[in-house]
Amino acid sequence: MAPGPQRRTELLRGVLDLCLLAVMDEGPAYGYEMTKRLRERGLAIVGEGSIYPLLGRLERDGLVETHRAASNGGPPRKYYRPSSAGRLALALGVSEWRAARDSVDAVLAPVKVEVAS
Amino acid sequence: MSDFVEQCRGEWRRLGVPDPLAEEMAADLASDLAEAEADGVSAEELLGSSAFDPRSFAAAWAAERGIIPDPPARPNTRRRPLVLAAFTAVAAITLVVAALLLATGQPRVSLAASRTGPRLPFTPANPLVPPPTHRIVQADASASAPVEWILLFLAVVALGFAAWLWTSWGRSRPPAAV
């Protein structure tokens, strides 16, 4: 059985693209800004990989639009926001995620968790 | 931080990523790393385990962007020589066996020539019984040996195919790490 951090990484891997689309849907964001938004919600990028290859894939698949703009007094940054295809993918993905989450909850909900102190 | 970016830049150069794209990615990465450092966020927190492997990180990023072809899956790379070696060995063994059969003629594996054997003489004691017709199948020693030749031909073709596969595999192997 996978240890806690490893399972968390594996769970996150399947939905990280949705999370990125969701945070950039709140407003255009550059790479590090997205990790900050994720972190504010308790989603730290740990374990394997990072968001950059994933952003590259979203860009290649036409799910995001990009533009360059100056950040707050800093150098120009590449800002991402969902394209119309990206918003559709986000909506479908969220629907799939909720269905999967509900199914897993139905199985796991009866389990009583006792944490030994 | 800058060392990490420089290693990424070197990997993109090695992989043939166009300079404008490499510069764009390097600039974005350097800015993000600098901002993270100012916030007290480590490179590992930003990049995960990729923080310790800039070359793989750079290659993965470029591949996901579609700038370079996806790197081949490692398990296939490892398994391919074994499959190829087995295929080549089978072809070589077949070639040797076919050649030996042709050279020695033993055991003769040939298509049998069938023909109707000599009819027995008609016996007037039982004239109502029609004379039996025996189909005598004989191995014709003078017949050609097509099975051996077919085996030989197949083995040669298979060895040629194996040679081509080995050559193409050798060309597709990534260069050794410097």
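In the block above lies the structure referred to throughout.
Remember, it's a predicted structure, so these values are computed and weren't measured experimentally.

Engineer: So what about the packing of helix α1 (residues 2-15) of chain B against helix α2 (residues 19-38) of chain B? Which residues, and what values?
Structural biologist: Residues and elements named next belong to chain B. As a packed pair, α1 and α2 sit with axes 10 Å apart at the nearest point and diverge in direction by 165°. Regarding the angle of α1 to α2, the classification is roughly antiparallel. You can see that α1 and α2 cross each other, and the crossing is right-handed. Contact residues: α1 offers Phe4, Val5, Cys8, Arg9 and Trp12, while α2 offers Ala22, Glu23, Met25, Ala26, Leu29, Ala30 and Leu33. Looking at the contact of α1 with α2, its residues break down into ten nonpolar, no polar and two charged.

Engineer: Tell me about helix α2 (residues 31-40) of chain A, and name the residues and values.
Structural biologist: Along α2 of chain A, the residues that are buried comprise Gly31, Tyr32, Met34, Thr35, Arg37 and Leu38 of chain A. Where α2 of chain A terminates, the next one or two residues include Gly42 of chain A, which has phi positive at roughly 85°.

Engineer: Can you tell me about the interface of chain A and chain B, naming the residues and giving the values?
Structural biologist: One widely used convention gives an interface's size as the accessible area the parts lose upon coming together. Tallying the contact residues gives 22 residues for chain A and 24 residues for chain B. Summing both partners gives a buried area of about 1,900 Å² for chain A against chain B, and 44% of it is carried by carbon and sulfur. Inspection of the region where chain A meets chain B yields eight salt bridges. Across the pair Arg68 of chain A and Asp28 of chain B runs a salt bridge, and its minimum N-O distance is 3.0 Å. Linking chain A with chain B are 14 residue pairs in polar contact (both at pLDDT 80 or more). Per-element accounting of the side of chain A that touches chain B gives the leading share, six residues, to helix α3 (residues 51-60) of chain A. Of the residues belonging to the side of chain A that touches chain B, the class tally is seven nonpolar, six polar and nine charged.

Engineer: An account of the packing of aromatic side chains is needed here, citing residue identities and associated values.
Structural biologist: Enumeration over the complete set of coordinates arrives at eight aromatic pairs over all chains. With 6.1 Å between their ring centres and 85° between their planes, Tyr52 of chain A and Phe57 of chain B make a pair best called edge-to-face. Taken together, the residues Tyr52 of chain A in helix α3 and Phe57 of chain B in helix α4 (residues 54-65) connect one chain to another. For Tyr52 of chain A, a relative accessible area of 3% puts it in the buried group. A ring pair is formed by Tyr52 of chain A and Trp61 of chain B, whose centres lie 5.1 Å apart and whose planes are at 45°; its orientation type is tilted. Of the two residues, Tyr52 of chain A sits in helix α3 while Trp61 of chain B sits in helix α4, which places them in two different chains. With respect to burial, Tyr52 of chain A and Trp61 of chain B carry one shared label: buried. Among the aromatic residues, ring-to-ring pairing joins Tyr52 of chain A together with Phe4, Trp12, Phe57 and Trp61 of chain B into one connected group. When the ring centre of Tyr30 of chain A is taken as origin, the NZ or CZ atom of Arg77 of chain A, which lies over that ring, is 4.1 Å away.

What counts and how
- Residues numbered from 1 in each chain as written.
- Chains lettered and ligands numbered in written order.
- Predicted model: local features only at pLDDT ≥ 70, side-chain atom pairs only at ≥ 80, totals over all residues.
- Heavy atoms only, no water.
- Axes fitted to C-alpha atoms, helices over the stretch in contact; angles between N-to-C directions.
- Helix = DSSP H or I, 4+ residues; strand = E, 2+ residues; numbered from the N terminus.
- Parallel < 35°, antiparallel > 145°, perpendicular 65-115°, else oblique.
- Left-handed = near helix turned anticlockwise from the far one by under 90°.
- Contact = heavy atoms within 4.5 Å.
- Nonpolar A, V, L, I, M, F, W, Y, C, P; charged D, E, K, R; others polar.
- Buried < 20%, exposed > 50% of the residue type's maximum accessible area, 1.4 Å probe, protein only.
- Buried area = accessible area lost by both parts, 1.4 Å probe.
- Salt bridge = Lys/Arg side-chain N within 4 Å of Asp/Glu carboxyl O.
- Polar contact = N/O pair within 3.5 Å; in protein donor to acceptor, adjacent residues only side chain to side chain.
- Phe/Tyr/Trp six-rings, centres within 6.5 Å; stacked < 30°, edge-to-face > 60°.
- Lys NZ or Arg CZ within 6 Å of the ring centre and 35° of its normal.

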